[in-house]
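The chain contents come next:
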Amino acid sequence: MQDIDNSISIEAGEPSEDPKAFRRTLGQFATGVTVIATEQDGRPVGVTANSFSSLSLDPPLILWSIARTSRSFATFSTASHFCVSILGEHQIDVSQKLSSSKEDKFSDVSWQPGIGGSPMITGAIATLECSTFAVQDGGDHIILIGRVLRHKRHVGKALLYAQGQYGVVDEHPAFKAQASDATAPQTVRSLRELPLTTLLYLAHHNSSAAFERHRREENISLVQSRILSALTRQSPMSRQAIIRQVYMTPQTVEDALGELLQRGGLTQTEGGQFSLSEAGHKLARSIRMRLQEYEREQLAGIPPERLEVTRDVLARFIDGLAEKTVVDGAA
Ligand SMILES: Cc1cc2nc3c(=O)[nH]c(=O)nc-3n(C[C@H](O)[C@H](O)[C@H](O)COP(=O)(O)O)c2cc1C
């Protein structure tokens, strides 16, 4: 087995010293995203949860945990039934709505009642209708164990959550390259023989890895860099507007806003709106310049007319809106 050099730690310490750092370490573990819901007095009650886990096949048990601080805590701690909806990749908005502190979280979420009236989210890729089997103490959370009475699975890809960001299930690039019969190490010649869709996929993985390296060198996380670019486009912005634009969970955005404020990258108005400070503009510029430099290096020596064709081809794969004539003319 290959040895992994984990001697370089980014953060370390006792959990009580820095709870946010502890949460980030826990966030290295990837999960799916669920909505867990029940009903009280005919009203739906629910939260977004990634603490869900399978527990036992016989009897069929699952578990999850809810924070004692959640407004839904009292309802779930005495609920006789609840339903777990496993969200699909198209349901980030559902995850964001059900994790918000809005009064009526279900107002524009579509659902049907399951066993015991517990809401099952429409469009979820799976649902598990449960009766409450046991409730255990779990520190500042309680652990709810559910006995699965009925399960349903639908087509669709799972929405994932790891390291503070949403993701989708995709093949691993190592598999993709090898499955395409390309010999490793890749030569320019063998790469040229791969199907275009495989090339697009591998190019995307390589460029995001390269970009992550640049962010690390600037000591900036993905969510921080998204906040900077959102505020470059539009300023000032409210916390809610930023959460909507960067597609990250409220907690992740909250932490990143705090970190950016602390390093002097943001200013905040009395009304709570955020803008970039001089230092924030500088940081955003420096990230943009790194991106431009990276592109310049990759594209060095390629004539502009060939780049135009590349752009057209890529646009076709993205939305089919490219000018067909340009591509035809170059063929
Ligand atoms: C991806 C994600 C996973 C979450 N997982 C949990 C969880 O497992 N348990 C929990 O108590 N809260 C979790 N939360 C936070 C709750 O969704 C949020 O605190 C809750 O909905 C607040 O609403 P309430 O006070 O109305 O209950 C998660 C949030 C997100 C975005």
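The structure reproduced in this document is the subject of the present report. For every chain, the first residue of its written sequence is number 1, and the numbers climb from 1 along that sequence. In view of the model being predicted, local features appear only for residues whose pLDDT reaches at least 70, and side-chain atom pairs are presented and counted only at 80 or more, with totals across whole chains, interfaces and linings using the full set of residues. Processing note: side-chain calculations cover all non-hydrogen atoms of the structure and skip hydrogens and water entirely.

## Here we look at the sheet that holds strand E11 (residues 159-162)
Put simply, the rule is: Here, strands pair whenever DSSP counts at least two bridges between them. Helix and strand definitions follow DSSP, with helices as H or I runs of at least four residues and strands as E runs of at least two, each counted in order from the N terminus.
On the basis of which strands lie adjacent, the open sheet formed by three strands has the order E1-E11-E12 and antiparallel pairing. Taken across any chain shown, the strands that pair with only one partner, and hence form the sheet edges, are strand E1 (31-32) and strand E12 (165-168).

## As for the side chain of Glu 218
To keep it simple, the criterion reads: The contact rule is simple, with two residues in contact once any of their heavy atoms fall within 4.5 Å.
By secondary structure assignment, the location of Glu 218 is in the loop between helix H6 (196-217) and helix H7 (222-233). Contacts of Glu 218, omitting those with residues within four sequence positions, involve Arg 263, Leu 283, Ser 286, Ile 287 and Arg 290.

## Some details on the packing of aromatic side chains
Going by this rule: Whether two aromatic rings pair depends on their centres lying within 6.5 Å, for rings of Phe, Tyr and Trp, where Trp uses its six-membered ring; planes under 30 degrees apart make the pair stacked, over 60 edge-to-face, and the rest tilted.
A full pass over the atoms with the stated rule returns four aromatic pairs. Note on Trp 64 and Phe 82: the rings are 6.1 Å apart at their centroids and 65° apart in plane angle, and the pair reads as edge-to-face. With Trp 64 in strand E5 (residues 61-67) and Phe 82 in strand E6 (residues 81-86), this residue pair connects regions lying 18 residues apart in the sequence. An aromatic cluster is defined as three or more aromatic residues linked by ring pairs; in this entry it consists of Trp 64, Phe 76 and Phe 82.

## A short note on the site of the ligand
Selection criterion: Being near a molecule or strand, for a residue, comes down to having at least one heavy atom within 4 Å of it. Polar contact is the term for a pair of N or O atoms within 3.5 Å; when the atoms are in protein, one must be able to donate a hydrogen and the other to accept it, and sequence-neighboring residues count only if both atoms are side-chain atoms. What sets the accessible areas is the Shrake-Rupley method with a 1.4 Å probe; for residues, cover comes only from the shown protein chains. Nonpolar residues are Ala, Val, Leu, Ile, Met, Phe, Trp, Tyr, Cys and Pro. Charged residues are Asp, Glu, Lys and Arg, and all others, Gly as well, are polar.
The local shell around the ligand holds 17 residues, among which Thr 48, Ser 51, Ser 70, Arg 71 and Ser 72 are the closest. Here an oxygen atom of the ligand and a backbone polar atom of Ala 67 are 2.8 Å apart. Bound to the protein, the ligand loses 82% of the 640 Å² it would expose on its own. Those elements giving two or more residues to the shell around the ligand turn out to be strand E3 (43-49) and E5. Each residue belonging to the shell around the ligand can be placed in one class, and the counts come to six nonpolar, nine polar and two charged.

## Focus: the sheet that holds strand E4 (residues 53-56)
Rules: Only the stretch in contact is used when fitting a helix axis, every axis being a line fitted to C-alpha atoms; angles between N-to-C directions are given from 0 to 180 degrees.
In spatial order, the strands read E3-E2-E6-E9-E10-E5-E4; together these seven strands make up an open sheet with antiparallel pairing. Strand pairing shows two members of the sheet lacking a second neighbour, E3 and E4, which therefore form its edges. The sheet shows a mean angle of 35° between the axes of neighbouring strands, taken without regard to direction. Examined bridge by bridge, E6 and strand E9 (residues 126-138) share six bridges and lie antiparallel to one another. Bridge assignment links Ile 86 to a residue of E9, and that residue is Ala 126.

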